[in-house]
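Secondary and tertiary structure notes
Below, each chain spelled out in residue letters.
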Amino acid sequence: SIKAIESSSKEDDTMWLTYWVVYGVFNIAEFFSDIFLYWFPFYYAGKCLFLVWCMAPVSWNGSQVLYQSVIRPCFLRHHQTVDNVLGDLSTKA
């Protein structure tokens, strides 16, 4: 999905690809922190509001904000390493 977002052809799927990338990163983070977070009152209501904000059809929705400020800079810093690891894995497979 990140490769599709960063490709030169921009289509309307960019919004949803961005959402799914943010949702995937959120799920990975939640997997490791859920044991602590579910003790907080209204955690699930806050999670629901966060996900609604991420898919809101506005220019300042959560997926665009988080992707541009957190995920994209991290990906651009490490994309060569990720490509090398995936290339090695596909060669071994």
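Cut-offs used in this document
- Residues numbered from 1 in each chain as written.
- Predicted model: local features only at pLDDT ≥ 70, side-chain atom pairs only at ≥ 80, totals over all residues.
- Heavy atoms only, no water.
- UniProt positions renumbered as here; feature names shortened; annotations may be inferred.
- Helix = DSSP H or I, 4+ residues; strand = E, 2+ residues; numbered from the N terminus.
- Phe/Tyr/Trp six-rings, centres within 6.5 Å; stacked < 30°, edge-to-face > 60°.
- Buried < 20%, exposed > 50% of the residue type's maximum accessible area, 1.4 Å probe, protein only.
- Core = buried A, V, L, I, M, F, W, Y, C linked by side-chain atoms within 4.5 Å.

1. With respect to the UniProt feature "transmembrane region" (unreviewed entry) in the chain
In the numbering used here, UniProt assigns the feature "transmembrane region" (unreviewed entry) to residues 20-40. Across residues 20-40, the secondary structure splits into 86% helix and 0% strand, with the terminal C-alpha atoms separated by 26 Å.

2. Digging into the packing of aromatic side chains
Per the stated rule, a full pass over the model turns up eight aromatic pairs. Note on Tyr-38 and Trp-39: the rings are 5.3 Å apart at their centroids and 35° apart in plane angle, and the pair reads as tilted. A relative accessible area of 39% means that Tyr-38 is categorised as partly exposed.

3. Section: the nonpolar core
Counting residues in hydrophobic clusters, the biggest one holds nine residues: Ile-5, Leu-17, Tyr-19, Val-21, Val-22, Leu-51, Cys-54, Tyr-67 and Ile-71. Looking at this core, the elements that each hand over two or more residues are helix 2 (13-37), helix 3 (43-54) and helix 4 (62-92). Sort the elements by how many residues they give to this core and helix 2 lands first, with four residues.

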